[in-house]
Amino acid sequence: MISGTVQGVGYRYFAQHAAAKLKVGGYVKNLRDGRVEVFGMGTQQQLRELRTALERGPRFSSVTEVREEAASPDPQYDQLFIIGNSD
């Protein structure tokens, strides 16, 4: 879960590009409360690098927090990282 100024600044496209570059599967979507949710599947190294990118964010974002939660793998995202529908 990404908090801060992360909606309306290209954050989802930034996250999708970063994940694709790292070959991480999953999704990114806006939440109604103003946060962005990212679900990522990859190696520990890939996910560490993705988190580093997410903490930085795109140019006009201002990330205040990146909170991780454990999640079960979802095979539908094995080779794919998409921008999901907003909640």
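Residues numbered from 1 in each chain as written. Predicted model: local features only at pLDDT ≥ 70, side-chain atom pairs only at ≥ 80, totals over all residues. Heavy atoms only, no water.

**Here's the deal with helix α1 (residues 11-22)**
Counted at 1.5 Å a residue, the expected span for α1 with its 12 residues is 16 Å, and the 16 Å between its end C-alpha atoms agrees. By the burial criterion, the buried members of α1 are Tyr11, Phe14, Ala15, Ala18, Ala19 and Leu22. The buried residues of α1 occupy an angular sector of 130° when the element is viewed end-on, so they sit on one face. Pointing more than 90 degrees away from the buried face of α1 are the exposed residues Tyr13, His17 and Lys21. Lining the buried residues of α1 we find β1 (2-5), β2 (25-30), β3 (36-41), α2 (44-56), β4 (62-66) and β5 (81-83). (Helix = DSSP H or I, 4+ residues; strand = E, 2+ residues; numbered from the N terminus. Expected span 1.5 Å × (residues − 1). Buried < 20%, exposed > 50% of the residue type's maximum accessible area, 1.4 Å probe, protein only. Arc of directions from axis to C-beta. Contact = heavy atoms within 4.5 Å.)

**Focus on the nonpolar core**
If you look at the biggest cluster of nonpolar residues, it comprises 18 residues, and the most contacted ones within it are Ile2, Tyr11, Val28, Val36, Val38, Leu50 and Leu54. When sequence neighbours within four positions are dropped, the list of residues in contact with Val28 reads Arg12, Ala15, Val36, Glu37, Val38, Phe81, Ile82, Ile83 and Gly84. (Core = buried A, V, L, I, M, F, W, Y, C linked by side-chain atoms within 4.5 Å.)

**Quick notes on the environment of Ser62**
Checked against the element boundaries, Ser62 lands in strand β4. Dropping the residues within four chain positions of it, Ser62 is found in contact with Ser3, Gly4 and Thr5.

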